[in-house]
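Take a look at the letters that make up each chain.
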Amino acid sequence: MSNGRAREGKQKILLVEGIQPDAKSNMEAEGFEVTLLPKGLSEDELIREAADCIAIGIRSKTRMTAKVLAALPQLRAIGAFCIGTNQIALEAANKQGVPAFNAPFSNTRSVAEMVIAEIVLLSRRLGDRNNEVHRGVWTKSALGSREVRGKTLGIVGYGHIGRQVGVLAESMGLSVVFHDVAARLPMGNNRRAETLEQLLGESDFVTLHVPETAQTKNMIRASHLAAMKAGGCLINASRGTVVVIEDLAAAIQSGHLGGAAVDVFPEEPEGNGQAFKSALQNLPNVFLTPHIGGSTSEAQVAIGHEVSGALIRFLTLGSTTGSVNFPLVELPRREGSHRLVHVHRNVPGVLRDVNRIVSDEQANIVGQVLATDTEIGYLLLDFDDFASGDQMSGRLRDRLLGLDTTMSVRALY
Ligand SMILES: NC(=O)c1ccc[n+]([C@@H]2O[C@H](COP(=O)([O-])OP(=O)(O)OC[C@H]3O[C@@H](n4cnc5c(N)ncnc54)[C@H](O)[C@@H]3O)[C@@H](O)[C@H]2O)c1
């Protein structure tokens, strides 16, 4: 249990793994003392380095295990300056009242741009021509080389990335059709396909932008590839498990498909320099890239801003928007009010107990938001006035800390 008193002196934040420096300056501008280390840390190093930190920022190599969390009871938030959060013991963090934030959509434009490039590369067979010229082979020919204007692009999964691909593709003169399990508003002149099969049958290029779920595992296999137009091209920059790679290789080898661009694979090497094998290697007009769709310097900058912004909003306002393991609460700041954050175990009667204490202390609530998940409740309380300022908020806080359901209380301002 921590009383989490905010804004007393400089609160410390540790960033590791060479996180984008804008993140550090953003948080320093808000009055936090930020240490940025270039490398990832082991469990023991992390426990030592973050002993007095209220927040930690990591990327994919530093593991926030249950052991690390238990050793850092003062910790209030974790920032994952990347897309995935597998490296964080999310359940343990939730039970400890610590939200984890990530940046799932900061690199979507980068992926969309790569897909647009691949549509043109595939249509002109530029990879094969490039390889030939490097080998000293000169094949000046228009055979199998087409403009993309007037062709049809089918987008499977019309979310953050799919929609951007749709807008960009249309500006190059492609006709765009999409398929999504959710109701999605078409952008520009993009149109919805009635079924996946209809999309596959009418598209010259099919690009996949679905998440990895039980429904999308092996979603594109031999029968779907057979349903694509002869000479059509498949692009997958979503998740490796969505396409059966051997079926795709067979469809290319048979000549039914004209090419493919694949950025993600069912099994990917854990680190750079490790060997990689795929049935798609050395096939004609097939582009293979090492899961770099979202890897640009702009995306890194965007991730730095998005996650540092989420951490700042949580630490200063109590907002949990962008958290992957916490109930969502967002309450705009009301001028002249004071805010307390109360994290508690989600059992019946907590709100009644909290409100009784507030009423005993004759504090007037002007805003209150509660959200819960199975384990915890997250409550923001705004008061119009504390009779004797800090003393009053301190008394309230102490009484709330006295409840056996309370996990932490913070006075934000
Ligand atoms: N290659 C990379 O480097 C890279 C970078 C970022 C994201 N990604 C991947 O790209 C994919 C899309 O990302 P996003 O940000 O656009 O996600 P998103 O959540 O914004 O959009 C996904 C869309 O797919 C739809 N969908 C889900 N299941 C479906 C199904 N069975 N059939 C049809 N549509 C379905 C959803 O309704 C949603 O509209 C994800 O798998 C993500 O992991 C890859």
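Residues numbered from 1 in each chain as written. Predicted model: local features only at pLDDT ≥ 70, side-chain atom pairs only at ≥ 80, totals over all residues. Heavy atoms only, no water.

**Q** Is there a simple way to think about the overall build of the chain in this case?
**A** Of the regular secondary structure elements, the chain holds 13 helices and 16 strands. Each principal axis of the C-alpha atoms in the chain carries an extent, and together these give about 85 × 45 × 35 Å. A burial count over the chain gives 50% of its 413 residues as buried. When contacts within the chain are restricted to residue pairs at least 6 apart in sequence, those whose partners lie at least 24 apart make up 64%. Carbon and sulfur atoms provide 51% of the accessible area of the chain, an area that totals close to 19,400 Å². Of note, the chain has its 42 positive side-chain charges centred 3 Å away from the centre of its 45 negative side-chain charges. (Helix = DSSP H or I, 4+ residues; strand = E, 2+ residues; numbered from the N terminus. Buried < 20%, exposed > 50% of the residue type's maximum accessible area, 1.4 Å probe, protein only. Contact = heavy atoms within 4.5 Å. Areas by Shrake-Rupley, 256 points an atom, 1.4 Å probe, with all protein chains shown as cover. Lys, Arg positive; Asp, Glu negative; His and termini not counted. Charge placed at Lys NZ, Arg CZ, Asp CG, Glu CD.)

**Q** Hey, could you run me through helix α5 (residues 108-124) in this one?
**A** An α-helical segment advances 3.6 residues per turn. Residues three or four places apart therefore align on the same side. The end-to-end C-alpha distance of α5 is 25 Å, a good match for the 24 Å that 17 residues give at a rise of 1.5 Å each. All of the buried residues in α5 are Thr108, Ser110, Val111, Ala112, Met114, Val115, Ile116, Glu118, Ile119, Leu122 and Ser123. (Expected span 1.5 Å × (residues − 1).)

**Q** Can you help me understand the confidence of the model for the chain in this one?
**A** Low-confidence regions, as indicated by low pLDDT, have predicted coordinates that should not be scrutinised in detail. Within the chain, residue pLDDT values average 94, and 96% of them lie at 70 or more. Within the model, pLDDT remains below 50 along residues 1-7, and this stretch shows 29 contacts once partners closer than five positions in the same chain are excluded. (pLDDT = per-residue confidence, 0-100.)

**Q** Where do I start with the nonpolar core in this structure?
**A** Taken as a class, soluble globular proteins show a tendency for nonpolar side chains to be buried jointly. Core analysis: the largest hydrophobic core is formed by 32 residues, its most contacted members being Ile13, Leu15, Met27, Phe81 and Tyr378. Contributions of two or more residues to this core are made by β1 (12-15), α1 (21-29), β3 (53-58), α11 (297-317), β13 (338-345) and β15 (376-383). Tallying contributions element by element places α11 first for this core, with seven residues. When residues no more than four places from it in sequence are discounted, the contact partners of Phe81 are Leu15, Ile19, Ala23, Gly57, Ile58, Arg59, Ile303, Gly304, Val307, Ser308 and Leu311. (Core = buried A, V, L, I, M, F, W, Y, C linked by side-chain atoms within 4.5 Å.)

**Q** Help me understand the pattern of salt bridges, please; the structure alone is not making it clear to me.
**A** Any two side chains of opposite charge can pair, on the condition that their charged atoms come close. Across all of its chains, the model carries 18 salt bridges by this definition. Put simply, Asp180 and Arg184 hold a salt bridge, and the shortest N to O gap is 3.7 Å. Glu361 is the salt-bridge partner of Arg395, the closest N and O atoms lying 2.9 Å from each other. With Arg395 in helix α13 (residues 390-401) and Glu361 in the loop between α12 (350-360) and β14 (365-372), the pair connects residues that are 34 residues apart, well separated along the chain. A residue is classified by how much of its surface remains accessible, and Arg395, at 39% relative accessible area, is partly exposed. Among the residues examined, Glu361 registers a relative accessible area of 11% and is labelled buried. Because the salt bridges share partners, they merge into one network encompassing Asp360, Glu361, Arg395 and Arg399. (Salt bridge = Lys/Arg side-chain N within 4 Å of Asp/Glu carboxyl O.)

**Q** What is the right way to read the pairing of strand β4 (residues 77-80) from this model?
**A** Moving residue by residue along a regular strand, the side chains alternate between the two faces of the sheet. Neither face of β4 is left uncovered, since the one carrying Ala77 and Gly79 and the one carrying Ile78 and Ala80 both have all their residues buried. In the sheet, β3 pairs with β4 via four bridges, with the strands oriented parallel. The partner of Ile56 across the bridge, within β4, is Ile78. Note on the crossover from β3 through helix α3 (residues 66-71) to β4: the handedness is right-handed. Where β4 meets strand β5 (residues 100-101), two bridges bridge the pair, whose relative direction is parallel. (Pairing = 2+ DSSP bridges. Right-handed = clockwise from strand over helix to strand, strands pointing away.)

**Q** Would you explain the packing of α5 against helix α7 (residues 160-171) in this entry?
**A** Helices that pack against each other are described as a pair by the angle of their axes relative to one another and the distance between those axes. At a closest axis distance of 9 Å, the pairing of α5 and α7 adopts a crossing angle of 45°. Judged by the inter-axis angle, α5 sits oblique to α7. Here α5 and α7 pass one another in a crossing that is right-handed. Every residue of α7 that contacts α5 at Thr108, Arg109, Val111, Ala112, Val115 and Ile116 is listed here: His160, Ile161, Gln164, Val165, Leu168 and Ala169. The class makeup of the residues in the contact of α5 with α7 is eight nonpolar, three polar and one charged. (Axes fitted to C-alpha atoms, helices over the stretch in contact; angles between N-to-C directions. Parallel < 35°, antiparallel > 145°, perpendicular 65-115°, else oblique. Left-handed = near helix turned anticlockwise from the far one by under 90°. Nonpolar A, V, L, I, M, F, W, Y, C, P; charged D, E, K, R; others polar.)

**Q** When you look at the sheet that holds strand β2 (residues 33-36) in this model, what are you seeing that I'm missing?
**A** Backbone-to-backbone hydrogen bonds join strands into a sheet, with any given pair of strands oriented parallel or antiparallel. Spatial ordering of the open sheet is given by β2-β1-β3-β4-β5, a layout of five strands whose pairing is parallel. The sheet is open, and its two edges are formed by β2 and β5, each paired on a single side. Those strands touched by α1 are β1 and β2, and its axis lies near 165° from that of β2.

**Q** Looking at this structure, how should I read the environment of Ala100?
**A** Checked against the element boundaries, Ala100 lands in strand β5. Using a relative accessible area of 0% as the deciding quantity, one classes Ala100 as buried. Taking the C-alpha atoms as reference points, Ala100 and Leu14, separated by 86 residues in sequence, lie 14 Å from one another. Apart from residues lying up to four places away in sequence, Ala100 is in contact with Ile78, Ile88, Leu90, Gly322, Ser323, Val324 and Asn325.

**Q** Sorry if this is basic, but what is going on with the site of the ligand here?
**A** Surveying the vicinity of the ligand reveals 27 residues, the closest of which are His160, Ile161, Asp180, Arg184 and Val210. Measuring from an oxygen atom of the ligand, one finds a backbone N or O atom of Val210 at 2.7 Å. Within the contact set of the ligand, an oxygen atom lies 3.0 Å away from a backbone nitrogen or oxygen of Gly294. Isolated, the ligand exposes 860 Å² of accessible area, and the fraction of that covered by the protein chains is 86%. (Near = heavy atom within 4 Å. Polar contact = N/O pair within 3.5 Å; in protein donor to acceptor, adjacent residues only side chain to side chain.)

**Q** I tried to follow the sheet that holds strand β12 (residues 286-288) on my own but got confused; where do I start?
**A** Spatial strand order, β8-β7-β6-β9-β10-β11-β12: seven strands in an open sheet with parallel pairing. Since the sheet does not close on itself, it has two edges, and those belong to β8 (191-192) and β12, each with one partner. Here two bridges tie strand β7 (residues 175-179) to β8, and the two strands are oriented parallel to one another. Bridge pairing in β8 places Val177 opposite Arg191. Here α5 sits on the sheet in contact with β6 (152-156), β9 (205-208), β10 (233-236), β11 (259-262) and β12, set at roughly 155° to β10.

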